[in-house]
Amino acid sequence: MAEETFAYIPASRGFYDLPLGRFLPLLPRDVISAWAGAHTQPGSLILDPLGAHPLLSIEAALAGMRVLVARNNPILWLMLECMARAPAREQLQKPLSKLMISRRGNQTLEDHLRAVYATPCAGCGQMIQPQGFVWEQDGVQPVGRVYQCPFCGDEGEKEVTQSDLQNLNALGGLGLHRARALQRVLQGGDYEQGSIEAALDCYLPRALYVCMTLANRLEQLELDHGERLLLQAMTLLVFDDANSLWHWPAREQSVFQLNVPSRFLEKNLWLSLEKAPERCSQFRQSVPISYWPNLPSSSGGICFYQRRLAEKEDLFQSEQPAAVVSVFPRPNQAFWTLSALWSGWLWGRKGVIPMRSALGRRRYDWRWFAQALEAAFKDLARLIPPATPMFGLLSQAAPNHLLGLLVGANASGFRLRGLAASQSEEIIQCTWQSGSAPNDVSGALPFRAAIQGFLEARGEPAKFQPILNDCLAQLARQGKLPADIGALEETYFSQTQQQVSDLLHDPYFVQSFQSGPSGGSAYWLVDSRAAQPPLSERLEAALLQLLDEKTPIALAGLESALFSRFSGQQTPESEALRTCLECYAEEAPDAPGLYRLKSSEEPNARARDVEELAALLITSGEKFGLRVRRETASVIWENEQGKPQYTYHLVPGTAISRFVLDPDQPEDARKVLVLPGGRARWLLYRLRQDPRLEAAFESRWFILKYRHLRWLAAREWVTLDLWGELLDDDPLQWDASPQMQML
């Protein structure tokens, strides 16, 4: 099966942010709908066998697709059901109000929960609701409280008071609530109990008290089906806020393990409950929901199915899917264990049944990942037509996760067609087709050819992970992965990694460089005669060509056009594209959000600049009594013996590799690149990414900005010696860029 030219679909509109998002795989906006729209007809039936991200189905359905999604994790099902309804805040407030006015002794539940967290303001003494209490890992009491007083404006982190400690102790013996939290989940088995206990260790006693109070009250309230579902969704958000996995000070985080931070925030769960309607009402357009066999109408919608239907071959009785789409989640012990816990709290022990396998395992390696994917996909691959396309996203993935994905898909009967990745967006995108092709696991593995092809296609050094990822992709493309996962030993990944590493340390094949502020090595070919020009220079030229078409263009349109031109192995980083864009483009004043070439960057204007500056260099060299020679893009100053003293290369852009990497440049001459000051950020970005260029500028190359050359040439008192001293007086600087912040 031939490899397709697969263009990476960039996250032009960023990533979705939703409740529980710290546990979920990254999902860029509009990527799923863009791929489905290009590969299926409106109203087509598409299949998501994992259901790992609620917004995949919602986005596709809003784009007019009919989505058949597996109901695997009850927590993700609940989130999807709630968000698909797009409830207004008033709809959410109604069942929440019923919960809040329910009685607990002589108090409403609202008054009781407010009292549980109330703290005196250090400024005015009024009792207020804090954001939460700061704890240290294994501490027996909080070490601080965080609040913003609505009365006097006092705010920040303050010491706890005796009142706070008395309030905490007034809740009495809290062991009973931990026991209840355990019993609502426990199915049996010491290992399962150990997993549940590990999850409960991530909850402070007060948080468990509130969670169990809400779970018990939820069971007792008289609610219709819709009200109960919405209230369960809001309660779920409180259950997540209640755990101790929130770093303090707060920071963005993805959570994969049940590890309590050294300092964390015990959130005020009354405030969490109060804010729940706002968090659950982000969406304005509802999506029809149905359950198999009632497929959605032709206008789009979502239909849930149980995996056992595929096992029984009953799933596609009336219609075959046009495509398969999935977000592949990294193995996440924290989320899967907490999902089992929360399911028990919301629905009792029966709700835990779909998640029992998560309680029976705490270690997830690449081989487990491959086997789990095979279990989810293999029956489906047998049922759908041959050559059905599949598209998937793998986010925040290490190479071992990629191997698990490729092995699992291959064993299920899906053959890899294309792969493209973005390191800056932390996304790998893959396309497959159903229908197994013959595997040929005999013979040498194709790593040497893969490394050479990858580096030649990019034309610039690369780090270890993207090189290894491409080698793994070549195994799948060339049928080198066995159809039987059992034929692969657990050490297969480490052995593969070592083979690639050995090749990258072969001094006759590859040279290595220490690279950039992030550390690590970058690798380049010893024999690079067949390499393309650097990808960054080709990207710059293509961007200029698009901008020179005079029609203002949106960022998404630019990205789409450029990623289509540079596909697969040559996929550029979005950060590179945007850094380059700010050098050349500006937002059109009459068309916000659209970009056009700056007037100073028009090709004719830059050509005039080059001629003007070449004339200044010629005049200055002659003034110093040197012999001056003009070549196409260069001016050379020579002494009386004809030996070069200075070589100036005038470049309107940053296509500098033909000069800087040219081994025939005169060794003893000062070598100077003359370019516009507006290229500073883009050139610095390139130097940080390409250690060959960085090394050249550290030792033997200079940058002379247009404006500094004009200044030097206009000073009659400047001698040749002083010229040399002042040459580097206007260095490159990475200045803050308002435009980049806007982008």
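Residues numbered from 1 in each chain as written. Predicted model: local features only at pLDDT ≥ 70, side-chain atom pairs only at ≥ 80, totals over all residues. Heavy atoms only, no water.

For the rest of this paragraph, the subject is the overall build of the chain. Scanning the chain from terminus to terminus reveals 30 helices and 27 strands. Here the chain holds 743 residues, and the buried ones make up 57% of them. Here the chain has roughly 31,400 Å² of accessible surface; of this, 48% comes from carbon and sulfur atoms. On the chain, the mean spot of the 73 positive side-chain charges and the mean spot of the 84 negative ones are 5 Å from each other. (Helix = DSSP H or I, 4+ residues; strand = E, 2+ residues; numbered from the N terminus. Buried < 20%, exposed > 50% of the residue type's maximum accessible area, 1.4 Å probe, protein only. Areas by Shrake-Rupley, 256 points an atom, 1.4 Å probe, with all protein chains shown as cover. Lys, Arg positive; Asp, Glu negative; His and termini not counted. Charge placed at Lys NZ, Arg CZ, Asp CG, Glu CD.)

A word on the packing of aromatic side chains. The relative placement of two aromatic rings is captured by the distance of their centres and the angle of their planes. A complete count under the given rule lists 24 aromatic pairs for this structure. Taking 5.5 Å as the distance between ring centres and 50 degrees as the angle between the ring planes, the aromatic pair formed by W336 and W368 counts as tilted. A residue pair is termed long-range when its members are at least 10 positions apart, and W336 in helix α13 (residues 333-347) and W368 in helix α16 (residues 366-383) qualify at 32 residues. Taken individually, W336 and W368 each receive the classification buried, so the pair is uniform in this respect. Taken together, the aromatic side chains of F624, W637, Y646, Y648 and W723 make up a single cluster linked through ring pairs. Positioned above the aromatic ring of W77, the side-chain terminus of R71 is 4.1 Å from the ring centre. (Phe/Tyr/Trp six-rings, centres within 6.5 Å; stacked < 30°, edge-to-face > 60°. Lys NZ or Arg CZ within 6 Å of the ring centre and 35° of its normal.)

Counting across every chain of the model gives 37 salt bridges. In this structure, the salt-bridge partner of D609 is R606, at a minimum N-O distance of 2.9 Å. Here R606 and D609 lie together in helix α24 (residues 603-623), a separation of three residues that amounts to about one turn. For the pair D609 and R606, one class covers both residues: buried. For the salt bridge of K705 with D730, the shortest nitrogen-to-oxygen distance reads 3.4 Å. On the criterion of sequence distance, the pair formed by K705 in strand β27 (residues 701-705) and D730 in the loop between α29 (720-726) and α30 (738-742) is long-range, its members being 25 residues apart. By relative accessible area, which is 5% here, K705 ends up buried. Judged by its relative accessible area of 17%, D730 is buried. In this structure, a network of salt bridges that share partners links the residues E601, R606, D609, E612, R679 and R710. (Salt bridge = Lys/Arg side-chain N within 4 Å of Asp/Glu carboxyl O.)

Looking at where F15 falls in the secondary structure, it is placed in the segment before α1 (31-39). With 11 residues separating them in the primary sequence, F15 and L26 have C-alpha atoms 6.8 Å apart. If we skip the residues at most four places from it in the chain, F15 touches L26, L27, P28, R29, E425 and I427. (Contact = heavy atoms within 4.5 Å.)

Moving on: the state of the cysteines. One pass over the full model with this rule turns up zero disulfides. In this structure C121 is a free cysteine whose sulfur lies 3.6 Å from that of C152, the closest cysteine sulfur available. C580 supplies the cysteine sulfur nearest to C583, a cysteine that is in no disulfide, at a spacing of 6.1 Å. Residue C583 is classed as buried on the basis of its relative accessible area, which comes to 3%. (Disulfide = S-S within 2.5 Å.)

Take the nonpolar core next. Counting 203 residues, the largest nonpolar core has Y203, W342 and W345 as its most contacted members. Those residues in contact with W345, other than ones at most four positions away along the chain, are A181, R184, V185, L200, Y203, L208, C211, M212, A215 and F239. Listed in part, the 21 residues of the second largest apolar core include Y646, Y648, V672 and L704. (Core = buried A, V, L, I, M, F, W, Y, C linked by side-chain atoms within 4.5 Å.)

Before going further, it helps to spend a moment on the pairing of strand β15 (residues 414-422). With respect to burial, β15 is a largely interior element, nine of its nine residues being buried. Between the antiparallel neighbours β15 and strand β16 (residues 427-434) lie four residues, among them E426 with a positive phi of about 60 degrees. (Pairing = 2+ DSSP bridges.)

Pairing is mixed across the open sheet formed by five strands, whose spatial order is β23-β24-β25-β26-β27. Every interior strand has two partners, whereas the edge strands, β23 (627-630) and β27, have only one. The mean inter-strand angle of the sheet, taken between neighbouring strand axes irrespective of direction, is 20 degrees. In this sheet, strand β25 (residues 644-650) lies alongside strand β24 (residues 634-638) in antiparallel orientation, the contact comprising five bridges. (Axes fitted to C-alpha atoms, helices over the stretch in contact; angles between N-to-C directions.)

Take the confidence of the model for the chain next. Close inspection of predicted coordinates is inappropriate in any region flagged by low pLDDT. Mean pLDDT for the chain: 91, with 95% of residues reaching 70 or above. Low pLDDT, under 50, characterises residues 736-743; the stretch is placed with 17 contacts to residues that sit more than four places away or in other chains. (pLDDT = per-residue confidence, 0-100.)

Attention now moves to the side chain of R206. Note that R206 resides in helix α9 (residues 205-220). On the accessibility criterion, R206 (3% relative accessible area) is buried. One polar contact links R206 to E266, side chain to side chain, over a distance of 2.8 Å. If we ignore the near neighbours within four places in the chain, the residues touching R206 are V116, Y117, F133, L168, L171, L174 and E266. (Polar contact = N/O pair within 3.5 Å; in protein donor to acceptor, adjacent residues only side chain to side chain.)

Residue P249 is bonded to the preceding W248 through a cis peptide linkage, with omega at 0 degrees. Here P249 shows up in the loop between α10 (225-242) and β10 (263-267). P293 follows W292 through a cis peptide bond whose omega is 15 degrees. If you trace the backbone, P293 turns up in the loop between β11 (289-291) and β12 (301-305). In this model, D30 sits at a positive phi of 70 degrees, which is unusual for a non-glycine residue. Locating D30 in the fold gives a position in the segment before α1.

The next thing to look at is the environment of L271. Along the polypeptide, L271 turns up in helix α11 (residues 269-279). For L271, a relative accessible area of 17% corresponds to the buried category. In this structure the C-alpha to C-alpha distance between L271 and P130, which are 141 residues apart in sequence, comes to 8.6 Å.

This part is about the packing of helix α21 (residues 535-547) against helix α22 (residues 555-565). Two numbers describe how α21 lies on α22: the axes approach to 11 Å, and their chain directions differ by 135 degrees. Here α21 is positioned oblique relative to α22, judged by the angle of their axes. Crossing angle aside, the handedness with which α21 passes α22 is right-handed. Packed against α21, whose contacting residues are L539, A542, L543, Q545, L546 and L547, the element α22 presents L558, A561, L562 and R565 at the interface. Taken together, the residues that form the contact of α21 with α22 break down as eight nonpolar, one polar and one charged. (Parallel < 35°, antiparallel > 145°, perpendicular 65-115°, else oblique. Left-handed = near helix turned anticlockwise from the far one by under 90°. Nonpolar A, V, L, I, M, F, W, Y, C, P; charged D, E, K, R; others polar.)

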